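Observations on the three-dimensional arrangement
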Amino acid sequence: MNNVFIDVDYAQIYKHGQKIGGDVFLLSRNPENHQIVATLSDGLGSGVKANVLASLTAHMAHKLSFSPIDLNHSAKIIMDTLPVCKERKISYSTFTIADVHYNDDNTDIELSLIEYDNPLALRFHGSENIPIERVKTTLHRSGAFKEEVVSSSHMTLGVNDRLIMFSDGVTQSGLGLGLPLGWRLDGVRKFVTEVIDKNPDISSRELSRMIVQRANSYDGYSSKDDITCVVIYIRRPRRTLIVTGPPFTKEADEILGEKIREFDGKKIVSGGTTAQIVSRVLGKKLTIDMKCWSKDVPPSSKMEGIDLVTEGMLTLSQVAKILEKRLNVADLPNDPAKKFVEILLDSDQVHFLVGTKINEAHQDPNIPVEIGIRRTIIGRLRNALEEIYLKETSQEYL
Amino acid sequence: MDRVKVRICLGTACFVQGGADLLLFEDFLAPELLEKCDIEASPCLNQCRIGNGIAPYVEINGIIHDNVDQDKLIKLLQEAVNAGN
Ligand code: FES
């Protein structure tokens with residue numbers, strides 16, 4: 001599994017009263033090419049017209065980025081294709097393209113950035129702002145009122161680096177309201193530094209959300225423009241180990257203990273018998289928490305060094321159901337399945353360590369067939385995690 | 001007087017066959033009875049694989065009882081408390 005994770009997410013608030021955005025964000029991951037392209041485009045005005053223009057631009061930028069054409073050249077093609085507004089003699093839309101290339105183990109992450117008329121992107125290492133060196137190209141298109149500047153830059157990103165891109169709805173928020181000149185790039189930069197200082201591991205999803213919410217608050221919660229923010233964050237992957245099922249042989253119990261001890265990340269043990277084995281090989285006491293359960297899911301237990309200990313089949317199938325149906329975690333009863341799902345959603349990589357000893361308990365004909373086969377449930381879990389939640393999963397038998 | 005030691009099995013087999021009802025013990029056991037018992041849960045009392053009875057299983061002072069529902073648990077605990085007096 002990869003040792004570096006590229007976390008890309010965005011947040012957006014439409015101009016107050018609009019049901020469609022003039023800011024369009026596109027993200028594609030192309031694992032075969034080891035490439036991720038994130039494009040943010042802002043169409044002139046707001047509403048449907050702006051949306052169509054921005055979509056057009058973003059899609060063009062996107063397509064071209066995946067072609068072998070050089071990014072600068074792509075930018076030129078887009079510029080030449082983009083219509084110029086007759087009255088205002090300015091372009092119909094702006095764009096920022098971040099084109100990320102990485103190699104097999106995700107190290108050496110190369111990012112090319114092309115910016116046209118959006119607020120300038122910010123780069124951070126931890127909470128420290130790192131200036132971006134830009135090369136400017138001036139284009140003069142017929143019909144355009146002014147010369148247009150496209151800037152391009154290139155950077156190598158490492159763990160703890162972030163690139164933050166946003167539309168002018170962010171930097172101009174508060175304009176004429178509480179802030180005479182709006183929030184401005186400087187304001188955003190300071191805010192981001194503070195946020196990361198307080199919460200160094202903040203996810204892209206949360207950070208982008210905090211930025212747009214702050215901008216919206218400057219606009220008096222009645223946004224004057226579409227507010228969009230995109231964050232690209234390079235970090236160590238969050239890993240989770242799920243141990244389920246007793247190992248096939250007694251000797252393998254020790255190996256199981258070893259693997260659990262060595263694992264770097266969150267640890268979940270699922271299954272009563274499995275939990276007893278783990279408790280024995282790790283020499284840690286197991287106590288059941290009789291407060292945390294629901295009619296579908298038996299109580300969880302506590303064990304030092306393990307983040308969550310649950311019953312096996314019922315809990316796993318409930319977790320699979322929640323993931324497959326994309327149920328909202330906040331609406332779930334406070335039972336072990338909820339805690340399980342929360343840990344999974346917070347992970348990038350999930351490793352299943354599956355014991356293959358047949359559990360005699362489930363040979364009991366009184367038990368519904370549905371809870372029968374561990375493998376089927378794990379297959380469902382992996383599928384849902386990969387297909388719906390884009391997590392990496394792996395599996396090993398013991 | 002020694003307190004009655006109770007272990008309710010909450011393994012898969014027992015939970016689906018009625019163990020979940022027993023978990024509500026704080027609601028259906030009389031307070032006088034409750035305060036004389038130490039009730040905990042077990043992830044599996046290892047009876048399900050032997051198959052000498054019907055789940056759910058409860059262990060009371062070291063003795064396994066099978067096919068326990070709420071009424072039976074009240075009865076068993078009452079007996080155990082009386083025996084200890
Ligand atoms: S599940 Fe109750 S004895 Fe095994």
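Note that the coordinates shown come from a computational prediction; the quantities given were computed from them, not determined experimentally. (Residues numbered from 1 in each chain as written. Chains lettered and ligands numbered in written order. Predicted model: local features only at pLDDT ≥ 70, side-chain atom pairs only at ≥ 80, totals over all residues. Heavy atoms only, no water.)

1. Quick word on the overall build of chain A
Counted only if it meets this: The way it works is that DSSP assigns letters per residue, a run of H or I at least four long becomes a helix, a run of E at least two long becomes a strand, and they are numbered from the N terminus. Categorising residues by exposure relies on relative accessible area from a 1.4 Å probe, with only protein chains included: less than 20% of the type maximum marks a residue as buried, more than 50% marks it as exposed, and the intermediate range marks it as partly exposed. Whether two residues are in contact is decided by their heavy atoms, any of which lying within 4.5 Å being enough. Accessibility throughout is a Shrake-Rupley quantity obtained with a 1.4 Å probe, and a residue counts as covered only by protein chains that appear here.
Regarding its fold elements, chain A presents ten helices and 18 strands. Burial analysis of chain A (398 residues in total) assigns 54% to the buried set. Looking at chain A alone, contacts between residues at least 24 apart form 68% of all its contacts between residues at least 6 apart. If you sum the accessible surface of chain A, you get close to 18500 Å²; carbon and sulfur atoms cover 51% of it.

2. Some thoughts on the layout of surface pockets
In this approach a probe as big as a water molecule rolls over the atoms, and the regions it shows empty are the leftover space. All names here are of chain A. Selection criterion: We place a 1 Å grid over just the protein atoms. Points where a 1.4 Å probe fits but has no way out form a cavity, open points with protein on both sides within 12 Å along at least 5 of 7 lines form a pocket, and any residue with an atom within 4 Å of a point lines it. Grid points are joined across faces, edges and corners, and a volume is the space filled by probe spheres set on the points. Under the convention adopted here, Pro, Cys and the residues Ala, Val, Leu, Ile, Met, Phe, Trp and Tyr are nonpolar, Asp, Glu, Lys and Arg are charged, and Gly plus all remaining residues are polar. Note that domain bounds follow an automatic or database assignment of domains.
Its volume calculated, the largest pocket comes out at about 1300 Å³. Around the largest pocket, the lining is made up of 37 residues, and of these Phe 5, Asp 348, Tyr 389, Leu 390 and Lys 391 lie nearest the centre. Mapped onto the lining of the largest pocket, the elements with two or more residues apiece are strand 1 (5-13), strand 2 (23-30), helix 5 (204-218) and helix 9 (336-345). The element that contributes the greatest number of residues to the lining of the largest pocket is strand 1, accounting for five residues. Per-class residue counts for the lining of the largest pocket are 15 nonpolar, eight polar and 14 charged. Two domains each donate at least three residues to the lining of the largest pocket, and these are domain 1 (5-235) and domain 2 (239-397).

3. Comments concerning the sheet that holds strand 13 (residues 266-270) of chain A
All names here are of chain A. Convention followed: Note on pairing: two strands pair once DSSP finds at least 2 bridges between them. Each axis is a line fitted through C-alpha atoms, and for a helix only the stretch in contact is used; angles between axes span 0 to 180 degrees, taken between their N-to-C directions.
Ordered in space as 14-15-16-13-12-17-18, the seven strands form an open sheet in which the pairing is mixed. Bordering the open sheet on either side are strand 14 (287-289) and strand 18 (392-397), each of which pairs with just one other strand. Going across the sheet, the axis of each strand differs from the next one's by a mean of 25 degrees, ignoring polarity. Taken together, the six bridges between strand 12 (residues 239-244) and strand 17 (residues 349-354) define a ladder with parallel strand orientation. Each bridged residue has a counterpart across the sheet, and for Arg 239 the counterpart in strand 17 is Gln 349. Strands strand 12, strand 13, strand 15 (300-303), strand 16 (306-310) and strand 17 of the sheet are contacted by helix 9, whose axis makes an angle of about 140 degrees with strand 16.

4. Focus: the interface of chain A and chain B
How we decide: In this description, buried area is defined as the sum, over both parts, of the accessible area (probe of 1.4 Å) that is lost when the two are combined. Each salt bridge in this description consists of a side-chain nitrogen of Lys or Arg and a carboxyl oxygen of Asp or Glu lying within 4 Å of one another. Throughout this description, a polar contact denotes any pair of N or O atoms lying within 3.5 Å of each other; where both atoms belong to protein, one of them has to be capable of donating a hydrogen while the other can accept it, and for residues adjacent in sequence the pair is counted only when both atoms sit in side chains.
Contact with chain A, which involves 26 residues of that partner, is made by 20 residues of chain B. Of the roughly 1700 Å² buried at the junction of chain A and chain B (both faces included), carbon and sulfur atoms supply 70%. Of all residues in chain A, Ile 288, Met 290 and Trp 293 of chain A give up the largest surface area on contact with chain B, accounting jointly for 30% of the area buried on that side. Here chain A is connected to chain B by zero salt bridges. Here chain A is connected to chain B by two residue pairs in polar contact (both at pLDDT 80 or more). Elements represented by at least two residues in the side of chain A that touches chain B include exactly helix 7 (272-282) and helix 8 (313-324) of chain A. If you tally residues by element for the side of chain A that touches chain B, the top one is helix 7 of chain A, at three residues.

5. Description of the environment of Arg 49 of chain B
All names here are of chain B. Note that Arg 49 resides in the loop between strand 2 (37-42) and strand 3 (58-60). Given a relative accessible area of 28%, Arg 49 falls into the partly exposed group. Taking C-alpha positions, Arg 49 is 9.6 Å from Ala 13, a pair spaced 36 residues apart along the chain.

6. Topic: the confidence of the model for chain B
As a reminder, the rule being used: A residue's pLDDT is simply how confident the predictor is in it, with values from 0 to 100.
Looking at chain B, the pLDDT average stands at 90 and 98% of residues meet or exceed 70. Interface predicted TM-score (ipTM) for the complex: 0.84; the corresponding pTM is 0.69.

7. Some details on empty space enclosed by the protein
Tallying each qualifying case throughout the model produces two cavities of 30 Å³ or more. Put simply, the second largest cavity is a space of about 90 Å³. Taken together, 13 residues form the lining of the second largest cavity, with Pro 299, Ser 301, Thr 310 and Glu 311 of chain A together with Pro 43 of chain B sitting closest to its centre. Of all the secondary structure elements, the ones that give two or more residues to the lining of the second largest cavity are helix 7 and strand 16 of chain A. The residue makeup of the lining of the second largest cavity, split by class, is seven nonpolar, five polar and one charged.

8. Section: the packing of helix 8 of chain A against helix 9 of chain A
All names here are of chain A. Inclusion rule: Reported orientations rely on four angle classes, namely roughly parallel under 35 degrees, roughly antiparallel over 145, roughly perpendicular from 65 to 115, and oblique for the rest. Crossings are sorted by hand: turned counterclockwise from the far helix by less than a right angle, the near helix makes the crossing left-handed, and turned clockwise it makes it right-handed.
In contact at an axis separation of 9 Å, helix 8 and helix 9 are set at 55 degrees when each is read in the N-to-C sense. Taken together, the axis directions place helix 8 and helix 9 in an arrangement best described as oblique. In the crossing of helix 8 with helix 9, the sense of the turn from one axis to the other is right-handed. Between helix 8 and helix 9, the residues in contact are Thr 315, Leu 316, Gln 318, Val 319, Ile 322 and Leu 323 and Pro 336, Ala 337, Phe 340, Val 341, Leu 344 and Leu 345, respectively. Of the residues contributing to the contact of helix 8 with helix 9, the split by class is ten nonpolar, two polar and no charged.

9. What to know about the packing of aromatic side chains
The description of an aromatic ring pair uses the distance of the two centres, along with the angle that the planes make with each other. Residue and element names in this part refer to chain A. Stated formally: Here a pair means two rings of Phe, Tyr or Trp (six-membered ring of Trp) with centres within 6.5 Å. Their orientation is stacked below 30 degrees between planes, edge-to-face above 60, and tilted elsewhere. Think of it as a cone above the ring: NZ of Lys or CZ of Arg counts as a charge over the ring if it is within 6 Å of the ring centre and within 35 degrees of the ring normal.
If you walk through the whole model with that rule in mind, you get five aromatic pairs over all chains. When the centroid spacing of 5.4 Å and the interplanar angle of 65 degrees are considered together, the rings of Trp 183 and Phe 191 count as edge-to-face. Phe 191 carries the same exposure label as Trp 183, and that label is buried. Where Trp 183 meets Tyr 218, the ring centres are 5.2 Å apart and the plane angle is 65 degrees; that geometry is what we call edge-to-face. Of this pair, Trp 183 sits in the loop between helix 3 (168-171) and helix 4 (184-198) while Tyr 218 sits in helix 5, placing them 35 residues apart in sequence. The buried category is assigned to Trp 183, whose relative accessible area is 7%. In textbook terms, an aromatic cluster arises when at least three aromatic residues are bridged by ring pairs, as seen for Trp 183, Phe 191 and Tyr 218. The side chain of Arg 162 reaches across the aromatic face of Tyr 233, ending 3.7 Å from its centre.

10. Concerning the pattern of salt bridges
All told, the structure shown has 16 salt bridges over all chains when counted by the stated rule. Across the salt bridge formed by Arg 3 of chain B and Asp 38 of chain B, the nearest N and O atoms sit 2.9 Å from each other. Residue Arg 3 of chain B is found in the segment before strand 1 (4-9), and its partner Asp 38 of chain B is found in strand 2; the two are separated by 35 residues along the sequence. The exposure class of Asp 38 of chain B is partly exposed, given its relative accessible area of 32%. Through salt bridges with shared partners, one network takes in Asp 7, Arg 235 and Asp 348 of chain A.

11. What about the environment of Arg 184 of chain A?
Note that Arg 184 of chain A resides in helix 4. Residues Arg 184 of chain A and Gly 169 of chain A lie 15 residues apart in sequence; the distance between their C-alpha atoms is 10.0 Å.

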